[in-house]
Amino acid sequence: ALKLRAGDKHCLVARSKCYLKLGDTENSLKDAEASLQNDKTFSKGLYQKAETLYTMGDFEFALVFYHRGYRLRPELQKFRLGIEKSQEAIVNCIGSPSSVKLENKEDLCFISRQAESKKANQKLQNKVTMDQKWTRKQRPVRNPKTERELLGELYADKAYLEKLLKDEDLMESSTKQGIKVADLVLSGISYLDTRSEFWQQQKPIYARVRERKLRQQRWIRDKKRKPAEVGRYIVKSMEDIDMLLTGDCPEESCKKAERVLKRIQGWSDDEVPNKNELIGNLHSCIGNAQLEMGQMEAALQSHKMDLEFARQNDLRDAVSRALGNVGRVYARIGKFQQAIDTWEEKIPMAKSSLEKTWLFHEIGRCYLELNEAGAAQNYGQKSLQSADEEGDAEWQLHATVLVAQAQVKLKDYRSAIMNFEKALEKAKLIHNEAAQKAIIIALDDVSKSFIEELNKRREEPTIAFSSPDYDFSSENTKDDFEKFREREESEQSAENQDDEKQKEDARNYKEEHGNSKEGGSEQENKEK
């Protein structure tokens with residue numbers, strides 16, 4: 001681009017940036033100055049020259065050009081930041097001006113001589129030969145701790161390059177382009193040394209120590225006014241966790257809860273007075289999210305940790321919550337007896353009728369899964385009673401269905417049909433079409449079973465009904481069949497009464513006809 005349009009200031013600034021990235025500060029400065037040759041107010045050129053001077057360690061000159069650019073373009077943030085970092089670097093190098101008192105005791109001409117010698121030294125540094133670079137390793141080594149502090153992550157790179165220097169065979173080899181490996185390694189070490197010297201000037205070790213102390217003081221100061229901020233953070237985080245879980249994002253909810261838990265565990269009890277309660281609550285949130293993701297074992301462990309924290313700190317409400325969640329996980333993985341034991345422990349802690357409704361229903365459902373229909377019916381009736389107290393139509397539906405299913409298991413078909421019909425009315429009331437369809441199918445099945453049972457018992461001998469040793473399966477069914485027997489006996493007695501009447505009529509008829517025959521014979525005897 002510069003060949004096509006020589007002296008283009010935008011191209012010169014772009015090439016200067018590239019030189020600066022490569023660490024070639026001399027050419028970078030030349031291009032930056034060339035971009036300003038025809039236009040001294042070119043803001044990009046001023047900024048690039050200031051950046052180059054700052055990188056070279058000339059913080060005072062860099063500050064001058066940052067100020068020039070800021071006066072021309074005050075709306076640009078980069079000039080203001082450049083002024084701040086240059087001022088900070090100068091203070092780090094020489095200290096604050098308020099702490100220095102200058103005294104004019106001698107001739108000040110040495111300052112100009114010092115500037116001239118500095119420029120001469122820079123020129124010499126740019127002309128260092130490879131042989132001279134090789135001798136750099138002979139100079140005194142900086143304290144490793146100090147060098148590590150200055151280089152940071154780059155310290156490991158420098159240590160690796162210095163290790164390569166000890167491999168003589170490798171140092172004698174060359175790359176495909178004909179460049180010696182030793183030259184590449186030494187140039188890398190030289191670059192890191194130059195950067196460490198720059199960073200030493202920009203922010204000396206004592207300044208870093210001071211900054212660390214100031215940071216610690218700020219942290220302590222912020223810590224004192226932290227309770228309100230901590231409270232807001234906790235409330236906001238818990239809301240976000242709940243929102244993510246209800247919004248069908250259990251994985252994000254779990255990650256958020258784990259991050260908050262880790263942060264709260266690092267705080268003291270003074271900062272978070274209810275720390276243990278909050279930790280248990282977060283374990284509960286994590287367990288709920290894991291349950292939604294299908295991680296049953298992990299969810300069980302999380303809820304057990306919640307239960308352990310609640311018991312250790314005598315938190316009755318938290319114990320009740322944890323027992324409910326542990327039982328829920330047991331039920332999901334098919335361990336119904338463990339679920340029953342856990343939920344039965346929770347019963348005395350249930351506060352509202354609605355909570356008791358849910359609890360009794362779930363225990364009854366587990367008993368039904370274990371084929372203990374009697375216990376299932378008992379808990380279903382308790383659930384229905386609590387639902388009636390609460391006036392919750394949906395739970396009344398669930399509890400009634402549970403009772404009916406238990407009665408089917410007990411072969412109390414008449415009661416089961418009655419309860420299914422009540423449940424169907426509830427389902428219609430709350431417009432639950434899925435429940436209506438399921439109940440109609442269940443009613444059809446129960447009706448068929450009831451009819452089959454009646455047919456079987458009608459086919460049994462009559463003596464079986466009169467036998468005192470006959471065992472009926474339910475009281476209601478016994479009543480049905482007693483009524484059936486009474487109806488048969490009444491029909492039989494009616495038939496017997498008809499027979500007796502017919503016999504009596506026959507006797508009367510014979511007597512009448514018998515008398516007439518006897519009278520006729522007497523008259524015939526008289527005539528004779």
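Fair warning: this is a prediction, and the values are worked out from it, not measured in the lab.

Undergrad: Which parts of the structure should I look at to understand the overall build of the protein?
TA: Secondary structure summary: the protein contains 25 helices and 0 strands in total. Scored against the burial criterion, the 528 residues of the protein give a buried share of 34%. If you take every contact in the protein between residues at least 6 apart in sequence, the share linking residues at least 24 apart comes to 53%.

Undergrad: Even after reading the chapter, I still don't get the packing of helix H22 (residues 413–429) against helix H23 (residues 433–458), so can you show me in this structure?
TA: The angle between the axes and the distance between the axes are what describe a pair of packed helices. Relative to each other, H22 and H23 sit at 165 degrees, their axes nearing to 9 Å. With respect to each other, H22 and H23 are oriented roughly antiparallel. Pair H22 / H23 crosses with left-handed handedness. For the pair formed by H22 and H23, the contact residues are Tyr413, Arg414, Ala416, Ile417, Phe420, Glu421, Ala423, Leu424, Ala427 and Lys428 on the first element and Ala435, Gln436, Ile439, Ile440, Ala442, Leu443, Val446, Ser447, Ser449, Phe450 and Glu453 on the second. When the residues that make up the contact of H22 with H23 are grouped by side-chain class, the tally is 14 nonpolar, 3 polar and 4 charged.

Undergrad: Would you mind going over the confidence of the model for the protein with me for this structure?
TA: Close inspection of predicted coordinates is inappropriate in any region flagged by low pLDDT. Averaged over every residue, the pLDDT of the protein is 76; the share at 70 or more is 70%. Below a pLDDT of 50 lies the segment residues 462–478, which in the model reaches 19 contacts outside its immediate sequence neighbourhood of four places, other chains included. Here residues 512–528 is modelled with pLDDT under 50, and outside its nearest four sequence neighbours on either side it reaches 0 contacts, counting other chains as well.

Undergrad: I tried to follow helix H4 (residues 59–72) on my own but got confused; where do I start?
TA: Note that an α-helix has 3.6 residues per turn; residues three or four places apart therefore point the same way. End to end, H4 covers 20 Å across 14 residues, agreeing with the expected 20 Å (1.5 Å per residue, within 8%). For H4, the set of buried residues is Phe59, Ala62, Leu63, Phe65, Tyr66 and Gly69.

Undergrad: Got a minute to help me understand the pattern of salt bridges in this structure?
TA: Pairing between side chains of opposite charge can happen when their charged atoms approach one another. Per the counting criterion, the structure on display carries 16 salt bridges. Several salt bridges converge on common partners, so that one network encompasses Lys236, Asp240 and Lys256.

Undergrad: How should the packing of helix H15 (residues 275–292) against helix H16 (residues 296–312) be read in this particular structure?
TA: Where H15 meets H16, the closest approach of the two axes is 8 Å, and the angle between their N-to-C directions is 160 degrees. If you check the angle between H15 and H16, you find them roughly antiparallel. Every pair of crossing elements has a handedness; the one defined by H15 and H16 is left-handed. Where H15 approaches H16, its residues Asn276, Ile279, Gly280, Asn281, His283, Ser284, Ile286, Gly287, Asn288, Gln290 and Leu291 are matched on the opposing element by Met296, Ala298, Ala299, Ser302, His303, Met305, Asp306 and Phe309.

Undergrad: Where do I start with helix H3 (residues 43–56) in this structure?
TA: Here H3 spans 20 Å end to end across 14 residues, near enough to the 20 Å set by a 1.5 Å rise per residue. Summarising burial for H3: 12 of the 14 residues are buried, a large majority. Within H3, the full set of buried residues consists of Ser43, Gly45, Leu46, Tyr47, Gln48, Lys49, Ala50, Glu51, Thr52, Leu53, Tyr54 and Thr55.

Undergrad: Just checking my understanding: could you explain the packing of aromatic side chains for this structure?
TA: The way to describe two aromatic rings as a pair is by their centre distance and the angle between their planes. On inspection of all chains with the given rule, the structure shows 7 aromatic pairs. For the pair Tyr47 and Phe79, a centre-to-centre distance of 5.6 Å together with 85 degrees between the ring planes defines the contact as edge-to-face. Separated by 32 residues along the polypeptide, Tyr47 in helix H3 and Phe79 in helix H5 (residues 77–94) bring together distant segments of the chain. We classify Tyr47 as buried; its relative accessible area is 19%. With a centroid separation of 5.8 Å and an interplanar angle of 80 degrees, the aromatic rings of Trp343 and Trp358 are classed as edge-to-face.

Undergrad: Help me out: how do you make sense of the side chain of Thr52 in this one?
TA: Tracing the backbone shows Thr52 in helix H3. Given the relative accessible area of 0%, Thr52 is considered buried. With residues near it in sequence (within four places) discarded, Thr52 still touches Ser16, Leu20, Thr25, Ser28 and Leu29.

About the cut-offs
Residues numbered from 1 in each chain as written. Predicted model: local features only at pLDDT ≥ 70, side-chain atom pairs only at ≥ 80, totals over all residues. Heavy atoms only, no water. Helix = DSSP H or I, 4+ residues; strand = E, 2+ residues; numbered from the N terminus. Buried < 20%, exposed > 50% of the residue type's maximum accessible area, 1.4 Å probe, protein only. Contact = heavy atoms within 4.5 Å. Axes fitted to C-alpha atoms, helices over the stretch in contact; angles between N-to-C directions. Parallel < 35°, antiparallel > 145°, perpendicular 65-115°, else oblique. Left-handed = near helix turned anticlockwise from the far one by under 90°. Nonpolar A, V, L, I, M, F, W, Y, C, P; charged D, E, K, R; others polar. pLDDT = per-residue confidence, 0-100. Expected span 1.5 Å × (residues − 1). Salt bridge = Lys/Arg side-chain N within 4 Å of Asp/Glu carboxyl O. Phe/Tyr/Trp six-rings, centres within 6.5 Å; stacked < 30°, edge-to-face > 60°.

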